[in-house]
Amino acid sequence: MVLATNSRKRKFVGPLPVADSESLLRSLMASDPNTPVPLLVVRLRDLERIAWHKGRPAARVLERRSLRSFVATASRALRASDILAHDDESEDFLAALVSPMRSTGAVATPTDCRATLARLASAMELGGGMDVETGWTILYGLSGQQSLAAAVEGALERGNRERERFAFFSTIGHELRTPLTSIRGYLETLIEQDLDAETTRRFLEVARSEAVRLGRLVDGMFEISMLDLRAGSHHGESSPLAASLGAALNAVAPFARARRTSMMELPYADCDVAVAHDRLVQIMVNVLENAIKHGRDEGRVVVSVAALDARYLEIRIDDDGPGVEPQERDSIFSLASRGSNAQARGWGIGLAVVRLMLERIGGEVDVGVSELGGAQFRVRVPLHEGQSLKSSTTIVPTAASIEAMPTRA
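Residues numbered from 1 in each chain as written. Predicted model: local features only at pLDDT ≥ 70, side-chain atom pairs only at ≥ 80, totals over all residues. Heavy atoms only, no water.

A.B. asks: Lay out the packing of helix α8 (residues 277–294) against helix α9 (residues 350–359) with the relevant residues and their values.
C.D. replies: The geometry of α8 relative to α9 is characterised by a closest axis approach of 9 Å and an angle of 145° between their N-to-C directions. When you trace α8 past α9, the crossing you get is left-handed. Every residue of α9 that contacts α8 at Arg279, Gln282, Ile283, Asn286, Val287 and Asn290 is listed here: Gly350, Leu351, Val353, Val354, Met357 and Leu358. Grouping the amino acids of the contact of α8 with α9 by side-chain chemistry returns seven nonpolar, four polar and one charged. (Axes fitted to C-alpha atoms, helices over the stretch in contact; angles between N-to-C directions. Helix = DSSP H or I, 4+ residues; strand = E, 2+ residues; numbered from the N terminus. Left-handed = near helix turned anticlockwise from the far one by under 90°. Contact = heavy atoms within 4.5 Å. Nonpolar A, V, L, I, M, F, W, Y, C, P; charged D, E, K, R; others polar.)

Shown next as structure tokens:
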């Protein structure tokens, strides 16, 4: 595009160099810092491979074809004042939606971003004959050390997660039929046949168990589908840590009793964290349920809190189960992924929801080895402004410290 320095009205001619587009974005966002800017990214992931195997001229031909398709589609789908960017011999094609949407007059929603990105990608795949990788993100500013290159990688990472989610939903559809078929079969038998009281009760209990299992699956899928709609809505949220952890422990207590698992909470100093109460409760319920489910029968689960620095604290959940293999300590947080040591049934949703929710509040989660011999899940959450947690008030979980603590009722 050709840009007039004193006007935001521009005419589609061609994309800017990426460095120029970054400077323009910084200028525009500095003048209007409260308006987020959606960034769409299309990457020709095979371009480097083609250049290596067929030579740079062949790669350049495909790049130019894709570029023509990108610009032609953008001229129809975007506003003239939106920003396109691409560098010669680069695999990345960028579109920053600095103008309000025609239909609503507001900033593009996640749905708008996905729809526009799909149009750009399909046109480029058709024009260049290559598969593309896509992603989008919302820019809230390009200041300090934050760069457009980092935003591009973040957008592509989001795109990968979304494709993983969509693939998961399509493959898990048949899993929904299993509990539904079971429930329907038992209920039809109860309606059509005259069964004795004992058999009737047994059938009803099985149907209820299947309904609970189905509900957990649907709840997990719904939570994942709603995360992007709530992205960015967590600013200003806070809650007392002790209240949220207590609510989570109470929520999983029946499950722990059924597994005869001892739940212990080591003492710590309470403080406010920059996470909404309900959000933190759900995060912790998912991690605790995972520890109970995949731990030993009559095992132990221990919750402790430790200070990291002035901005973050770490909630640790230790168990004495089989643990997580080193090569699986990242993949278990992906959708539909379960560790090879897992004994209990599961859908691979709970930990994926935990990571996705924490990413949206600036937190993290990982897993390592527990002093108890099993897994230690470490949930890092930001402290509310002005809050602190003194390291001296925390107790690191060890066999000795745990033996000295009473079991939570």
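Let's pick the thread back up.
A.B. asks: Provide a residue-level description of α8, including the pertinent values.
C.D. replies: Helix length check: α8 (18 residues) gives 26 Å between terminal C-alpha atoms against 26 Å at 1.5 Å per residue, within 8%. In terms of residue burial, α8 counts as a mostly covered element, since 14 of its 18 residues are buried. (Expected span 1.5 Å × (residues − 1). Buried < 20%, exposed > 50% of the residue type's maximum accessible area, 1.4 Å probe, protein only.)

A.B. asks: A description of the nonpolar core should follow, citing residues and the corresponding values.
C.D. replies: Membership of the largest hydrophobic core comes to 43 residues, with the highest contact counts inside it found for Leu241, Ile315, Ile317 and Val379. Every element with two or more residues in this core is listed here: α7 (241–259), α8, β8 (300–307), β9 (312–319), α9, β10 (364–369) and β11 (375–382). If one sorts the elements of this core by residue count, α8 sits on top with nine residues. Those residues in contact with isoleucine 317 that lie beyond four places of it in its chain are Met284, Val287, Leu288, Ala291, Val301, Val302, Val303, Ala375, Gln376, Phe377 and Val379. Counting residues in each nonpolar core, the second largest holds 25 residues, with Leu62, Phe70, Cys113 and Leu117 among its members. (Core = buried A, V, L, I, M, F, W, Y, C linked by side-chain atoms within 4.5 Å.)

A.B. asks: Describe in detail α9, supporting the description with residues and values.
C.D. replies: Burial analysis of α9 places seven of its 10 residues in the buried class, the great majority of the element. Residues of α9 that are buried: Leu351, Ala352, Val353, Val354, Leu356, Met357 and Leu358.

A.B. asks: Can you lay out the side chain of glutamate 22 for me, pointing to particular residues and giving the numbers?
C.D. replies: Position of glutamate 22 among the secondary structure elements: in helix α1 (residues 18–31). When its relative accessible area of 17% is taken as the criterion, glutamate 22 is described as buried.

A.B. asks: Could you give an account of the side chain of aspartate 82, with specific residues and numbers?
C.D. replies: The topology assignment puts aspartate 82 in the loop between α3 (56–77) and β2 (83–85). Although buried, aspartate 82 forms no salt bridge, and the nearest oppositely charged side chain, arginine 79, lies 6.4 Å from it. Among the polar contacts made by the side chain of aspartate 82, one reaches the main-chain amide nitrogen of arginine 79 at a distance of 2.9 Å. (Lys, Arg positive; Asp, Glu negative; His and termini not counted. Salt bridge = Lys/Arg side-chain N within 4 Å of Asp/Glu carboxyl O. Polar contact = N/O pair within 3.5 Å; in protein donor to acceptor, adjacent residues only side chain to side chain.)

A.B. asks: Can you tell me about the environment of leucine 67, naming the residues and giving the values?
C.D. replies: In this structure, leucine 67 sits in helix α3. Through-space distance from the C-alpha of leucine 67 to that of alanine 123 is 10.0 Å; in sequence the pair is 56 residues apart. In this view, leucine 67 contacts Pro15, His86 and Phe93; residues no more than four positions away in its chain are not counted.

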